[in-house]
Amino acid sequence: MIALLSLHLLAALLAPLLARWWGRRAFLVLALVPAAGFVWTLLQLRTVLAGGDVRETVPWIPALDLDVALRLDALALTFAALVTGIGALVLVYCARYFGPDDEGTGRFAGTLTAFAGSMLGLVLADDVLLLYVFWELTTVFSFLLIGGSGRRLAARRAASQALILTTAGGLAMLVGLILIGQASGSFLLSELVADPGSGTAMTAGAALVLVGALTKSALVPFHFWLPAAMEAPTPVSAYLHAAAMVKAGVYLVARLAPGLADVPGWRPLVLGLGVATMLVGGYRALRQRDLKLLLAFGTVSQLGFLVTLVGGGSRELAAAGLAMTLAHALFKSTLFLAVGVIDHATGTRDLRRLSGLGRRLPVLAAIGIAAAASMAGLPPLLGFVGKEAAFAALWDAGLPDRTAAAVVLAGLVAGSVLTAAYTARFVWGAFARKAGVEDTPVEHPPGPLFLAAPAVLALTGLVLGPASPLLEPLVAGYADTLPLLAPEPEHLGLWHGWQPALALSAVSIAGGAALFALRGQVTRLQGRVAVGASADEGYWNVVQGIDRLAVLVTGTTQRGSLPAYLGTILVAVLALPGTLLLTRAPWPEEWRAWDTPVQAVVGVVVVTAGALALRIRQRLSAVLVVGVTGYGLAVVFALQGAPDLALTQFLVETLTLVVFVLVLRKLPKDITERHRPRERAVRGVIAVAVGAFMAAAGAVALSARTAAPVSEGWPGPAYTFGGGKNVVNVTLVDIRAWDTLGEISLLVVAATGVASLVFLRGRTGGVDRVDRAQLAQRRGRSRRAPRDRWLAATATLDPARRSVVLEVVTRILFHTIVVFSLYLLFSGHNEPGGGFAGGLVAGLALVLRYLAGGRYELGEAAPVAPGLLLGCGLLFAGGTGVAGLLLGAGVLQTAVLEATLPVLGDVKLVTSLFFDLGVYLIVVGLVLDVLRSLGAELDRQEDQEDPIELSPGEVVLR
């Protein structure tokens, strides 16, 4: 199972490259990945049907007792088959849905494949926290799929709406899962359901989990995000919003129902909101004129039906719910794909403009009508089998409360009437010939490959109807985990004799036909009783209200004064922790001023620099003086035997000074003093008090230790298990690799934020480089740079801004600095250095090139987008965790590879080196992003505002 998830991840990463090579045919290759998962799932049928399950457990975070625990039982197998089987067919469908020249095909293919892997991991996860990780991954990938390229406002709004709602529900679910896990004593779903526990925590946890499930499956009152998500391409609607993502909530309810159905509040929430959703969705579907929106509201209705069945907590309803889940995934994904074909062939989805497609596209019409018949519950389709099983279960008192069973049954029958009505409306709108409407021309007839996926799905739903008894062992494997309330279990099948359930099915079909026949009167009635407010409008009103409140609060509390903000924070520090420090802290019994007199000298220099920073009125001088305090701290690190920290501090301080200098170009030369002497005195008192507090806090912290430092036991394991002698570096890339992964992720976010604040049109802008050919043509020389230019792009600078000494030094030192950065990278596991220090050194080499030659010289030094370096670095670092798993270690745990090579001899390679390489690339990308945004982009904007005139033929740019 882990291999399948890793295969999806690898395919998602390679998808953009495959799409660049093969275009839309790459979808056919990617379809092999979920197809392999589907085949593997079917191969486990024998084990599952025999009452067993398939498990895989790999240690993840042993300190937290958190494992990658995967489990395949009857319920997981059913959903895994849907996720992988329909996912493979949708990818095949994409090979014809997208045009040969469509932009963003590779990104879409990778995201869709990654979503398929996330959804597969969700249904296989046995640990509730692992389930939550995959749950949120599906949310993120669905946001990307709905939003598309981000160019369309409607798609962006729909994506953000889906993201906000499902993420909020997911956070509520996380709290609920933690409460349930604590109450039951286990965080494994298999153990939690078997012995759920009881109490207030369990009740609150179950309610919060239901909130997450209801938002994900678009139940009332969160149903409105699903129709809005129809802005996504049709393959997304067919897969995410019919077969996969919206089924996540159904799956979670089904998974927890055997243990939590009797928890107070579970059934009223599940049954009440499920029936309400079925009625609301069906009613809204009758009003739609867009075929895709009609199916979207129909999906909302059917999701309410499914949650009602799987959450009812009885054996009868669970069996019907699982059968109906299979049927719904088959017929709804077929119908969405059919609508995509119609849209592609005719250019419209408006049922008022479509006419005569049944004759022009008979194969597509047959596919759509077969799927629609299953949705309406007509025999011999699987939809009829599932719906009749549901009616029979409720008629036979499939709920502990007979009155509740009768009410729910009445609601489901009414909802089924609406389902039959909007099904007839769909078939009529898509394929029928309408009076007064000309036959719709078919501009792009669909080919066999385009029709293959919907044809296979429709045929499967048709075959599984008569063959439904073959599904009985699989359905029973899950249903038998719930109590049987009827006298005897009802088996799946087309014919159970003349019974009330059959009559209710006939009533629902006849009622739907009557509503369709009276569609004109129904439309007028809906117009008369239309409610002015809607859930969607309510959502946007709430969002706008929060925005206005945020503006009000921000305007009230943030007045634009940085000293006021810092003063408030520091006073709070002195008032709360400072008071506790003075009254309760154990003060050290012995004080030592310094370990060596050099520390005292450094301290005097740092304090003097801090005092000078208060008096200096030039910004650049103030920044340089403040930098002295950072360098002083680096010297203290070196004196205390921490060369790694000292090296990193020196490099960070140097880069910080460069960033300050780049920013100061946009600020006045002198610092304007606007504060009165009294205000300056107050600020001085606060500053001195906070400094004294921090010194006292440090002394108390150092003297308060009673146990031996945990780091004392690290050197041995660092070499034995981490394969390195540098304990600091091994700690960063192995012992505390999760912390480092989070920190470098924040670096990526910070770089993105800085660039987004500066660039006006795009995140990074283009790479400014010298046009060598045109430069050589004007100067009458070869394509090489002129002899009087030490760097490739210094000809682009104003002669008054050039420094020959700096150019010569840069040309001599640049490559040496880069090589030194690589040395720090590769030697960091055993000597001072590592990816972070090496990346900073390489970044300073780029800074040197920029300062010597300007933005075009930076383009010559690093002709690569910073985002690519950031993304590759994060990929390398994160991929190390997967590599550790494949080599038998834990996630992000170092695996040591040793071999004897013919020329190199004995070679020892640790996988954490690749983690360090990811850190190196991220730091270089961060520095390059800062130089591109705060340096090159600001230079470009200044050149546009005040262009520099140079000698003829002196500079040629592109």
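All residue numbers refer to positions counted from 1 along the written sequence of the respective chain. The predicted nature of this model means local features are confined to residues of pLDDT at least 70 and side-chain atom pairs, given and counted, to a pLDDT of 80 or more, with totals for whole chains, interfaces and linings taken over all residues. To obtain the side-chain values, all non-hydrogen atoms of the structure were used and water was disregarded.

A count of helices and strands for the protein chain gives 39 helices and four strands. Its C-alpha atoms give the protein chain a radius of gyration of 33 Å, within 12% of the compact-globule value 30 Å for 958 residues. C-alpha extents for the protein chain along the principal axes are approximately 100 × 80 × 75 Å. Exposure categories follow from relative accessible area, calculated using a 1.4 Å probe and restricted to protein chains: below 20% of the type maximum is buried, above 50% is exposed, and the middle band is partly exposed. Sorting the 958 residues of the protein chain into buried and exposed places 49% on the buried side. Residue contacts follow a heavy-atom distance rule, with two residues in contact if any of their heavy atoms lie within 4.5 Å. Taking the contacts inside the protein chain whose residues are at least 6 apart along the sequence as the reference set, 78% of them involve residues at least 24 apart. Residue-level accessible areas treat just the shown protein chains as cover; the underlying method is Shrake-Rupley with a 1.4 Å probe. Accessible surface, the protein chain as shown: approximately 43,800 Å² in total, 65% of it carbon and sulfur. Here the positive residues are Lys and Arg and the negative ones are Asp and Glu; neither His nor the chain ends is included. For this purpose, a charge sits on NZ of Lys, CZ of Arg, CG of Asp or CD of Glu. Taking the 73 positively charged and 64 negatively charged side chains of the protein chain as two groups, their mean positions are separated by 9 Å. Starting at the N terminus, helices and strands are each numbered in turn, a helix being any DSSP run of H or I of at least four residues and a strand any DSSP run of E of at least two. Taken over C-alpha atoms, the radius of gyration is set against a globule rule of 2.2 Å times the number of residues to the power 0.38.

Moving on, we get to a nonpolar patch on the surface. Distance thresholds for patches are 9 Å for like charges and 5 Å for nonpolar side chains (Val, Leu, Ile, Met, Phe, Trp, Tyr), applied to residues having over 30% relative accessible area and no salt bridge. Criterion for a salt bridge: a side-chain nitrogen of Lys or Arg within 4 Å of a carboxyl oxygen of Asp or Glu. On the surface, a nonpolar cluster with roughly 750 Å² of combined accessible area is contributed by Leu 7, Leu 10, Leu 14, Leu 17, Trp 21, Trp 22, Val 29 and Leu 32. Ranked by the residues each element gives to the nonpolar patch, the list is headed by helix α1 (residues 2–22), at six residues. By the secondary structure assignment, Leu 10 is in helix α1. Taking the relative accessible area as the measure of exposure, Leu 10 reaches 46% and is therefore partly exposed.

Counting 234 residues, the largest nonpolar core has Tyr 239 and Trp 266 as its most contacted members. Not counting residues within four places of it along the chain, the set of residues in contact with Tyr 239 comprises Val 83, Ile 86, Gly 87, Val 90, Leu 112, Phe 115, Ala 116, Ala 244 and Met 245. Leu 581, Ala 585, Phe 693 and Ala 696 belong to the second-largest nonpolar core, a separate cluster that totals five residues. In plain words, nonpolar cores are sets of buried Ala, Val, Leu, Ile, Met, Phe, Trp, Tyr and Cys residues tied together by side-chain atoms within 4.5 Å.

Glancing now at the confidence of the model for the protein chain. Any residue range with low pLDDT should be treated as having predicted coordinates unsuitable for detailed reading. For the protein chain, per-residue confidence averages 85 on the pLDDT scale, and 93% of positions sit at 70 or higher. Looking at the elements of the protein chain, mean pLDDT is at its lowest for helix α35 (residues 772–779), recorded as 50, and at its highest for helix α3 (residues 32–43), recorded as 95. pLDDT measures how confident the predictor is about each residue, on a scale from 0 to 100. Note on residues 777–787: pLDDT is under 50 here. Beyond four places in sequence and across chains, it has 14 contacts.

A separate point is the packing of helix α14 (residues 266–285) against helix α20 (residues 402–431). One can describe the packing of α14 onto α20 by two numbers: an axis separation of 9 Å at closest approach and a directional angle of 25°. Judged on the interaxial angle alone, α20 and α14 are roughly parallel. The two elements α14 and α20 cross, and the hand of that crossing is left-handed. Contact residues: α14 offers Leu 271, Val 275, Met 278, Leu 279, Gly 282, Tyr 283 and Ala 285, while α20 offers Val 408, Gly 411, Leu 412, Ala 414, Gly 415, Ser 416, Leu 418, Thr 419, Tyr 422 and Arg 425. The class makeup of the residues in the contact of α14 with α20 is eleven nonpolar, five polar and one charged. As a rule, the C-alpha atoms of each element are fitted with a line to give its axis, helices using only the stretch in contact, and angles between N-to-C directions run from 0 to 180 degrees. Angles are sorted into four bins: roughly parallel if under 35 degrees, roughly antiparallel if over 145, roughly perpendicular if 65 to 115, and oblique for all others. In this scheme the crossing of two helices becomes right-handed for a clockwise turn of the near helix relative to the far one and left-handed for an anticlockwise turn of less than a right angle. Only Asp, Glu, Lys and Arg are considered charged in this grouping, and only Ala, Val, Leu, Ile, Met, Phe, Trp, Tyr, Cys and Pro are considered nonpolar; every other residue, Gly among them, is considered polar.

Pairing between side chains becomes possible if they bear opposite charge and their charged atoms approach one another. Within the structure shown, the criterion is met by 16 salt bridges. The partner of Asp 262 in a salt bridge is Arg 267, with the nearest N and O atoms 2.9 Å apart. The class of Asp 262 is exposed, set by a relative accessible area of 63%. Here Arg 267 falls in the buried class, since its relative accessible area comes to 16%. By sharing partners, the salt bridges in this structure join Asp 53, Arg 55, Arg 71, Asp 73, Asp 126 and Arg 255 into a single network.

Tracing the backbone through its elements, the reader meets Thr 423 in helix α20. Aside from chain neighbours lying at most four places away, what touches Thr 423 is Ala 372, Met 375 and Ala 376.

Moving on to helix α19 (residues 382–395). The terminal C-alpha atoms of α19, which comprises 14 residues, lie 20 Å apart, in line with the 20 Å expected from a rise of 1.5 Å per residue. Most of α19 sits out of view: 13 of its 14 residues are buried. Ala 397 sits one or two positions beyond α19 and adopts a positive phi of about 65°. An expected span of 1.5 Å times one less than the residue number is assigned to each helix.

The next subject is the packing of helix α10 (residues 200–216) against α14. Running from amino to carboxyl end, α10 crosses α14 at an angle of 20°, the nearest separation of the two axes being 10 Å. As far as their axial angle goes, α14 and α10 are roughly parallel. Of the two elements, α10 crosses α14, and the hand of that crossing is right-handed. Judged by residue contacts, Ala 206, Leu 210 and Leu 214 of α10 engage Trp 266, Leu 269, Val 270 and Leu 273 from α14.

Here the residue pair Val 220 and Pro 221 is connected by a cis peptide bond, since its omega of 10° sits within 30 degrees of zero. Position of Pro 221 relative to the elements: it lies in the loop between α10 and α11 (225–228). Cis geometry is adopted by the peptide bond preceding Pro 380, which originates at Pro 379 and carries an omega value of 5°. Along the chain, the position of Pro 380 falls in the loop between α18 (362–376) and α19.

We now examine the environment of Val 923. Counting through the fold element by element, Val 923 comes out in helix α39 (residues 912–945). Taking C-alpha positions, Val 923 is 57 Å from Leu 462, a pair spaced 461 residues apart along the chain.

Attention now moves to the packing of aromatic side chains. Only centres within 6.5 Å qualify two rings of Phe, Tyr or Trp (six-membered ring in Trp) as a pair; their planes then separate them into stacked at under 30 degrees, edge-to-face at over 60, and tilted for everything else. A full pass over the atoms with the stated rule returns 15 aromatic pairs. The interplanar angle of 40° and the centroid separation of 5.0 Å between the aromatic rings of Tyr 93 and Phe 450 together place this pair among those described as tilted. Taken as a pair, Tyr 93 in helix α5 (residues 74–97) and Phe 450 in helix α21 (residues 448–464) lie far apart in primary sequence, 357 residues in all. Neither Tyr 93 nor Phe 450 differs from the other in exposure class; each is buried. An aromatic cluster of three or more residues is present, and its members are Phe 27, Tyr 93, Tyr 97, Phe 98, Phe 108 and Phe 450.

Topologically, Ala 201 is positioned in helix α10. Sequence separation of Ala 201 and Ile 178 is 23 residues, and the distance between their C-alpha atoms is 9.6 Å. Among residues more than four places away in sequence, those in contact with Ala 201 are Leu 179 and Ala 183.

This brings us to α14. For α14, spanning 20 residues, the distance from its first C-alpha to its last is 28 Å, which sits close to the expected 28 Å at 1.5 Å a residue. Within α14 the residues assigned to the buried category are Trp 266, Arg 267, Val 270, Leu 271, Gly 274, Val 275, Thr 277, Met 278, Gly 281, Gly 282 and Ala 285. Projected onto a plane normal to the axis of α14, the buried residues spread over an arc of 155° and lie on a single side. Of the surrounding elements, those touching the buried residues of α14 are α10, α13 (247–260), α15 (291–310) and α20. Arc definition: it is the arc formed by the directions from the helix axis to the C-beta atoms.

Moving on, we come to the side chain of Ser 190. The residue Ser 190 is located in helix α9 (residues 189–194) in this model. The exposure class assigned to Ser 190 is buried, which follows from its relative accessible area of 17%. Sequence-distant contacts of Ser 190, defined by excluding residues within four places in its chain, comprise Arg 55, Arg 71 and Asp 126.

Moving on: the environment of Phe 650. You can see Phe 650 is positioned in helix α30 (residues 643–664). Note: C-alpha distance between Phe 650 and Arg 156 (494 residues apart in sequence) is 43 Å. Among residues more than four places away in sequence, those in contact with Phe 650 are Tyr 631, Ala 634 and Val 635.

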